Amino acid sequence: MFRFTETSPFNYVEYFVRAAQFLAEYKWIFCYNNTKFIRNGVLEELPRGWINDLNGASNEEFNQIPVGFVKETWSDSFQEFLRQVKKLQVQYDRHDKKQHKDSGRQRQTRKGINAKKAYEIDNLCSVIESGYLSELIHERCDAKVLGIEGNAALVQKCNERSPARSTKAVQYCHHFITEDSYGFIEQECNVRFGVLQHKAAVVGLHACADLSITAINCFLQCKWAKSLTIMPCCYHRLKPFDEAVPNKFLNFPLSQELQTILSDDGKRGIVCRSFLRLACQQTSARWKERSVEQHVQHGRIMFRRGLIDAILEQNESVRVGKLTTMPEETTVDNMLEQFRLLKDVGNDSREYPWTDQHRDRLCALLERYGTDGPKLAEYVECLQTCLQSICESVILLDRMCYMESVAKQSGLQIRRNLTNEEGKD
């Protein structure tokens, strides 16, 4: 296992080399859209020995596999896979939320914010020494805050709602942030709050896709930006380098070190949209809480989506109908009843009846996988969950390596760290 701390240097090249080699060997687990795992022959790639090992695992053992559980009676190849997963885990500093003056009372839930985002806001605020993020930063840090939002309607709503609007300590402006925005941000802060004579922090919650990179470059290039606290997400939305070139992205990899390693033909195939999507999917912390029933249900759903995709032609898609209850047995009839066939006609998609050819293909697949299909689908999901943190670590460490390299070239001295909130694996 690797260790990343604020005070110790990290050997990025060693990690990238080992992770890239491992991911290239097992890319059959993740290099496809999840609905296409049957079409791409993933179930044929799944080693028979691994299937036997998982068939004999209890639910508790199955849930613990992505967090490091290995059974000595399992096949050598499966044990080796799991040990390699463990060796490539990166241990980050745990972030223990500090006690604030309002921690002893129940904080009122703010209207219009879901539980997931509220949790992220609370964690992010505790990192930057601190509701909604902007107001909470002001409340906890007594700082002036400029919130930048690309949706004009939300800006108006935020300005009307802000408790700090009477003092103008928290303000919002309508702007879509790009690499050309740094001068605009500085000017807005000067106009609204006076000339930036003190430290200014760049803070990002749900910094989706390339916005994290924009924030990093703002921190590196702008003298007024003294700190950066960011919670990245949605890696799969990164901009392509060229729409005509698949699986090449504008901002990944960022570091020269990772670019060099991934330029090798055998490792180039790792970088794809599905890799980025897996990096931001559920972590092992959620997986380990699943019940037997939840695994069965999820396996059935995943298997059915894979089946229906595998029988489609190139210009076909489906509309998914809701089921009152998920059938215990997957049949041709209940499959074609749930999914509606769509075909592209010009610029429109129209509904068509299923053909005999569709029925024959579906029947053949059901014959091949039988009642084991949902179980095998959930096994694939388990293996993906094992790889999730490695994929995300490659992305995050690439960004940290890039930051350190640029700072060194520019003569900047920076402190950097990656942290997990307490209790998250």
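Shown above is the structure to which this text applies.
Quick look at the structure, then.

Rules used throughout
Residues numbered from 1 in each chain as written. Predicted model: local features only at pLDDT ≥ 70, side-chain atom pairs only at ≥ 80, totals over all residues. Heavy atoms only, no water. Helix = DSSP H or I, 4+ residues; strand = E, 2+ residues; numbered from the N terminus. Buried < 20%, exposed > 50% of the residue type's maximum accessible area, 1.4 Å probe, protein only. Areas by Shrake-Rupley, 256 points an atom, 1.4 Å probe, with all protein chains shown as cover. Axes fitted to C-alpha atoms, helices over the stretch in contact; angles between N-to-C directions. Parallel < 35°, antiparallel > 145°, perpendicular 65-115°, else oblique. Left-handed = near helix turned anticlockwise from the far one by under 90°. Contact = heavy atoms within 4.5 Å. Nonpolar A, V, L, I, M, F, W, Y, C, P; charged D, E, K, R; others polar. Expected span 1.5 Å × (residues − 1). Core = buried A, V, L, I, M, F, W, Y, C linked by side-chain atoms within 4.5 Å. Pairing = 2+ DSSP bridges.

### Notes on the overall build of the protein
Part 1: The number of helices and strands found in the protein is 18 helices and 12 strands.
Part 2: Looking at the protein as a whole, 46% of its 425 residues are labelled buried.
Part 3: Accessible area of the protein: about 23,200 Å², with a carbon and sulfur share of 47%.

### Here we look at the packing of helix α10 (residues 211–221) against helix α18 (residues 373–410)
Part 1: Direction vectors running N to C along α10 and α18 enclose 20°, while the axes themselves pass 11 Å from each other. Our classification of the angle between α10 and α18 gives roughly parallel. You can see that α10 and α18 cross each other, and the crossing is right-handed. Two secondary-structure elements touch here, α10 through S212, I213, I216, N217, F219 and L220 and α18 through R399, Y402, M403, V406 and A407.
Part 2: Within the contact of α10 with α18, the residues separate by chemical class into 8 nonpolar, 2 polar and 1 charged.

### A closer look at unusual backbone geometry
Part 1: Here the residue pair F252 and P253 is connected by a cis peptide bond, since its omega of -5° sits within 30 degrees of zero.
Part 2: Relative to the helices and strands, P253 resides in the loop between β8 (245–249) and α11 (256–262).
Part 3: The backbone of A209 shows a phi angle near 55°, a positive value even though the residue is not glycine.
Part 4: Relative to the assigned elements, A209 resides in the loop between β5 (200–208) and α10.
Part 5: Judged by relative accessible area, A209 falls into the buried class, the value being 8%.
Part 6: We note that N247 has phi near 60°; this positive angle belongs to a residue other than glycine.
Part 7: In this fold, N247 is placed in strand β8.

### Considerations on helix α9 (residues 182–193)
Part 1: Over its 12 residues, α9 extends 16 Å from the first C-alpha to the last, a length consistent with the 16 Å expected when each residue adds 1.5 Å.
Part 2: If you follow the buried residues of α9, they end up packed against β3 (145–149), β4 (170–174) and α10.
Part 3: Once α9 finishes, G194 follows within two positions and takes phi at roughly 95°, a positive value.

### Observations concerning α10
Part 1: In terms of burial, α10 is a largely internal element, 9 of the 11 residues being buried.
Part 2: Buried within α10 we find S212, I213, T214, A215, I216, N217, C218, F219 and L220.
Part 3: Taken together, the buried residues of α10 touch α9, β5, β6 (225–233) and α18.

### Thoughts on the nonpolar core
Part 1: Counting 91 residues, the largest nonpolar core has Y15, L23, F81, F252, F275, L387 and L397 as the members making the most contacts within it.
Part 2: With 19 residues, the single largest contributor to this core is α18.
Part 3: Dropping the residues within four chain positions of it, L397 is found in contact with F4, F10, Y12, Y15, F16, V90, Y92 and L418.
Part 4: Counting residues in hydrophobic clusters, the runner-up holds 13 residues, among them L146, I185, C218 and W224.

### What to know about the pairing of strand β10 (residues 339–345)
Part 1: When strand β9 (residues 316–320) meets β10, the two strands line up antiparallel, connected through 5 bridges. By the bridge assignment, R319 is partnered in β10 with R340.
Part 2: In terms of strand pairing, β10 meets strand β11 (residues 348–352) through 5 bridges, oriented antiparallel. Across the sheet, L341 pairs through a bridge with Y352, a residue of β11.
Part 3: Following β10, the chain reverses through 2 residues before pairing antiparallel with β11; G346 in that reversal takes a positive phi of roughly 65°.

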